[in-house]
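Coordinate analysis (summary)
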Amino acid sequence: MTTAEWSETAVPLPRPPKSELENPITTVTIASHAHLFDVKTPIDVDVFESILSHHPIHPFIDSVLTGLWEGFWPWANTLSLHFPSCHAQPPNGRYEDERLSFFRDQLHHELECGRYSSSLGDSLLPGMYSMPIYTIPKPGSTDLCLVKDHSAGPYSLNSMINHSLVTSYPLDNLHQLGDMLLNLHVLTPGLDLVMWKSDIAEAYQMCPMHPLWQIKQAVHIDGEYYVDCANCVGSSASFTIYVSVNSLILWIAKRDRGISSLITYVDNSSGPAVATDMLFYEPYDTSLPSPQVSLLHL
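Residue positions within a chain follow its written sequence, with the count starting from 1. Under the rules for a predicted model, residues below a pLDDT of 70 receive no local features and side-chain atom pairs below 80 are neither given nor counted, while totals for whole chains, interfaces and linings still include all residues. Only hydrogens and water are set aside; all other atoms, that is, all heavy atoms of the structure, feed into the side-chain values.

**A look at helix α7 (residues 174-187)**
Helical geometry: 3.6 residues make up each α-helical turn, so side chains three or four residues apart lie on a common side. Keep this limit in mind: Numbering of helices and strands runs from the N terminus; a helix is a DSSP stretch of H or I covering at least four residues, while a strand is a stretch of E covering at least two. By this rule the span expected of a helix is its residue count minus one, scaled by 1.5 Å. Each residue's exposure class comes from its accessible area (1.4 Å probe, protein chains only) as a fraction of the maximum for that residue type: buried when under 20%, exposed when over 50%, partly exposed otherwise. In this description, one arc is meant: the one made by directions from the helix axis to the C-beta atoms. N or O atoms within 3.5 Å of each other form a polar contact, as long as, within protein, one can give a hydrogen and the other can take it, and as long as residues adjacent in sequence are counted only when both atoms are side-chain atoms.
The end-to-end C-alpha separation of α7 is 20 Å, in line with the 20 Å expected for 14 residues at 1.5 Å each. For α7, every residue scored as buried is listed here: Gln176, Leu177, Met180 and Leu184. Within α7, the buried residues cover an arc of 100 degrees as seen down the axis, which keeps them to one side. Summarising the geometry of α7, the exposed residues directed more than 90 degrees from the buried face are Leu174, His175, Leu182 and Val186. Here α7 starts with a cap whose side-chain oxygen sits 2.9 Å from the backbone nitrogen of His175, and that cap is Asn173.

**Re a negative patch on the surface**
Selection criterion: Two joining distances apply to patches: 9 Å for like charges and 5 Å for nonpolar side chains (Val, Leu, Ile, Met, Phe, Trp, Tyr), and every residue must have over 30% relative accessible area and no salt bridge. For every accessible area listed, the method is Shrake-Rupley and the probe measures 1.4 Å; residues are considered covered only by the protein chains on display. Each salt bridge in this description consists of a side-chain nitrogen of Lys or Arg and a carboxyl oxygen of Asp or Glu lying within 4 Å of one another. None of His or the chain ends enter the tally, which takes Lys and Arg as positive and Asp and Glu as negative. In plain terms, the charge of a residue is placed at NZ if it is Lys, CZ if Arg, CG if Asp and CD if Glu.
A contiguous patch of negative charge, built from Asp44, Asp46, Glu49 and Asp62, is present on the exposed surface. Note on placement: Asp44 falls in the loop between α3 (24-32) and α4 (45-51).

**Considering the pattern of salt bridges**
A full pass over the atoms with the stated rule returns seven salt bridges. Put simply, Arg15 and Glu70 hold a salt bridge, and the shortest N to O gap is 3.4 Å. You can see Arg15 sitting in the loop between α1 (3-6) and α2 (18-21) and its partner Glu70 sitting in helix α5 (residues 58-70), a full 55 residues away along the chain. In this structure, Asp228 and Lys148 form a salt bridge, with 2.6 Å as the shortest nitrogen-oxygen distance. Taken as a pair, Asp228 in the loop between β7 (224-227) and α9 (238-255) and Lys148 in strand β4 (residues 144-148) lie far apart in primary sequence, 80 residues in all. When salt bridges with common partners are traced through the structure, they connect Glu110, Arg115 and Glu202 into a single cluster.

**Brief notes about the pairing of strand β6 (residues 218-221)**
The line we're drawing: By the convention used here, strands pair only if DSSP detects at least 2 bridges between them.
Summarising the sheet, β6 and β7 pair through four bridges and their orientation is antiparallel. Considered in β7, the bridge of His220 is made with Tyr225. With antiparallel pairing between neighbouring strands as the criterion, β6 and β7 make up a hairpin whose turn holds two residues, including Asp222 at a positive phi of roughly 55 degrees.

**Points about the sheet that holds strand β8 (residues 263-265)**
Where we set the bar: For helices, the axis comes from a line fit to the C-alpha atoms of the stretch in contact; other axes are also lines fit to C-alpha atoms, and the angle between any two N-to-C directions lies between 0 and 180 degrees.
Taken together, the three strands give an open sheet; going across it, the order is β5-β9-β8, and neighbouring strands pair in antiparallel fashion. Two strands lie at the open edges of the sheet, namely β5 (193-199) and β8, each paired on one side alone. Across the sheet, the mean angle separating the axes of adjacent strands is 25 degrees when strand polarity is ignored. Pairing between β8 and strand β9 (residues 268-274): three bridges, direction antiparallel. Within the sheet, the bridge partner assigned to Thr264 lies in β9 and is Ser269.

**Quick look at the packing of aromatic side chains**
How we decide: Stacked, edge-to-face and tilted labels apply to pairs of Phe, Tyr and Trp rings (six-membered ring for Trp) whose centres lie within 6.5 Å, assigned for plane angles under 30 degrees, over 60, and everything in between, in that order.
Taken as a whole and judged by the stated rule, the model has seven aromatic pairs. On the numbers, 5.4 Å between centres and 65 degrees between planes, the contact of Trp6 with Tyr169 is edge-to-face. In this pair, Trp6 sits in helix α1 while Tyr169 sits in the loop between β4 and α7, placing the two residues 163 residues apart along the sequence. Given the relative accessible area of 13%, Trp6 is considered buried. The exposure class of Tyr169 is buried, given its relative accessible area of 19%. Three or more aromatic residues link up through ring pairs in this structure, and these residues are Trp6, Phe60 and Tyr169.

**Notes on the side chain of Thr29**
Where we set the bar: Here, residues are in contact when the closest pair of their heavy atoms is within 4.5 Å.
Residue position: Thr29 is located in helix α3. The class of Thr29 is buried, set by a relative accessible area of 4%. Here Thr29 is in contact with Phe37, Leu125, Pro126 and Ile215, once residues within four sequence places are set aside.

By themselves these figures say nothing about function.
Here's what the structure looks like:
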């Protein structure tokens, strides 16, 4: 099944367990420093909910909507006996000046987007964790990409997550695309076809994390700590959370917007279209295949 169809069989996403909600260390820190923890998303959740009213799997939808309203929980147990209540994992080696400059630019961007808190200063608060950050080149580009290493050290965030529950989530493939191309070719004999593709910028970060997980996502830049409030690249649960949201967006695209030929790989959605079936898309000031325009409007 495609990612859109998978949403019709999906099980609800988890909420923080009672043991996390009753942890006195983290709950006191969050309550006494509420300005550091924010749950926000660019998705209009009320409109999203109204469009999904006729989706057949309401428990799954309710769990996704709750995650967008209150923050997502990454299938984690932070209270294992061998984990310290507070931990800062140092990076492996020293950062070069080029990397430090990139980190500062990224910090400014995240603060502008409201995904990072204001500075905590040079010390973590009780219950906080901080994992190291690195840069990797973007594929096919000299630009850099920020990666948070949630697998670093003996007390890594990823080791708190139940990995058996964050695997086997859908990634559409070329077999499905081949079927769609063949079907469209049969329906439109003699007409030229094109492929279109759109990706979602900063896709994972449109999903906010629950404050009880945000407190584990402190980022250390230039000697100061900041809370990362969003779902981030580097967590073993980040794709699972994101695809749960995106599967519902794609379900709307196929069921309500008539985009029948649609496959998605992570944050890239694509499909075939008749070459002459074009519409003008004002935000980009250009004409694009009509299924792509419908998806962009959604």
